[in-house]
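Chain by chain, the residues run as shown.
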Amino acid sequence: VSGAKNAALPILCSSLLADGEHTYRNVPDLRDIQTTAQLLRHMGLEVDVALPIVTVRGKPVVEPDAPYELVKQMRASVLVLGPLVARYGRARVSLPGGCAIGARPIDQHLKGLEVMGAEVELDHGYVNVTVPGGRLRGGDIHLDIPTVTGTENLMCAAALARGRTRITNAAREPEVEELATVLNKMGASIEGAGTDVIIIDGVDVLQPVDHAIIADRIEAGTY
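Predicted model only: the values in this text are computed from it and were never measured.

Caption draft 1: Up close: the overall build of the protein chain. Of regular secondary structure, the protein chain possesses 8 helices and 12 strands. For the protein chain, the C-alpha radius of gyration of 16 Å lies close to 17 Å, the compact-globule estimate for 223 residues. Overall, the C-alpha framework of the protein chain stretches about 45 × 35 × 35 Å when taken along its three principal axes. Burial analysis of the protein chain (223 residues in total) assigns 52% to the buried set. A distance of 1 Å separates the average location of the 21 positive side-chain charges in the protein chain from that of its 28 negative side-chain charges.

This is the structure we're talking about:
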């Protein structure tokens, strides 16, 4: 059974949160992995894909921009939003459906970031998010629906925020729990992942990580 794609994608995006060399093992051989590597390279990170191992070198300065050409290939590209805003204080990310908000809008992601002090503008199919003062602050976020990517984006954002963040009606999928495991290995303080209430105490800095991705439950079920 391959590594779980839906765990690997947010974990690869979380590389933006810490400088230094991250090593991810048991990464599945899928096009979305290559697209994520392209996206991270576009931002200025060094990514070496030698599946099942992917190495990412986080940097203190990146280009916080996810263009439509890459996002249209993979909706999960929006997972760079939380890490970019948390680490660099700004992000410009294409909406997954371009100018039209598609079947899976990201309003819950944006609502959570606004609770944490971010300012959000929509501009010709792009979401521009900036943080006055450069650093998010903790807050109480209630998700209207338990979105997986929304929960993951907000966990990444809260990991480096100032103070405590509480996410209620959080998604409970194993891949959410896996991202929390990786963030905690990086030095974050996250409790409750896998339940519908997640509590994150923000820290000042995170460290790179060496981690093997969990197996894909959908592929296991297929066998």
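Caption draft 2: Up close: the pairing of strand β7 (residues 126-130). The element β7 is largely enclosed, with a buried count of 4 among its 5 residues. By the bridge criterion, 5 bridges tie strand β5 (residues 90-94) to β7 in an arrangement that is antiparallel. Paired with Arg90 across the strands is Thr130, a residue of β7. Between the end of strand β6 (residues 119-123) and the start of β7, which pair antiparallel, lie 2 residues, with His124 showing a positive phi angle near 50°.

Caption draft 3: Representation of unusual backbone geometry in the model. At the junction of Leu51 and Pro52, the peptide bond is cis and its omega measures out at 10° in the coordinates. Of note in the backbone geometry, Asn26 takes a positive phi value of approximately 60° without being a glycine. Residue position: Asn26 is located in the loop between β1 (20-25) and α2 (31-42). Exposure remark for Asn26: the relative accessible area of 28% places this residue in the partly exposed category. Within the chain, His124 stands out as a residue other than glycine whose phi angle is a positive 50°. By secondary structure assignment, the location of His124 is in the loop between β6 and β7. A relative accessible area of 71% places His124 in the exposed class.

So, how was this worked out
- Residues numbered from 1 in each chain as written.
- Predicted model: local features only at pLDDT ≥ 70, side-chain atom pairs only at ≥ 80, totals over all residues.
- Heavy atoms only, no water.
- Helix = DSSP H or I, 4+ residues; strand = E, 2+ residues; numbered from the N terminus.
- Rg over C-alpha atoms; globule rule 2.2 N^0.38 Å.
- Buried < 20%, exposed > 50% of the residue type's maximum accessible area, 1.4 Å probe, protein only.
- Lys, Arg positive; Asp, Glu negative; His and termini not counted.
- Charge placed at Lys NZ, Arg CZ, Asp CG, Glu CD.
- Pairing = 2+ DSSP bridges.

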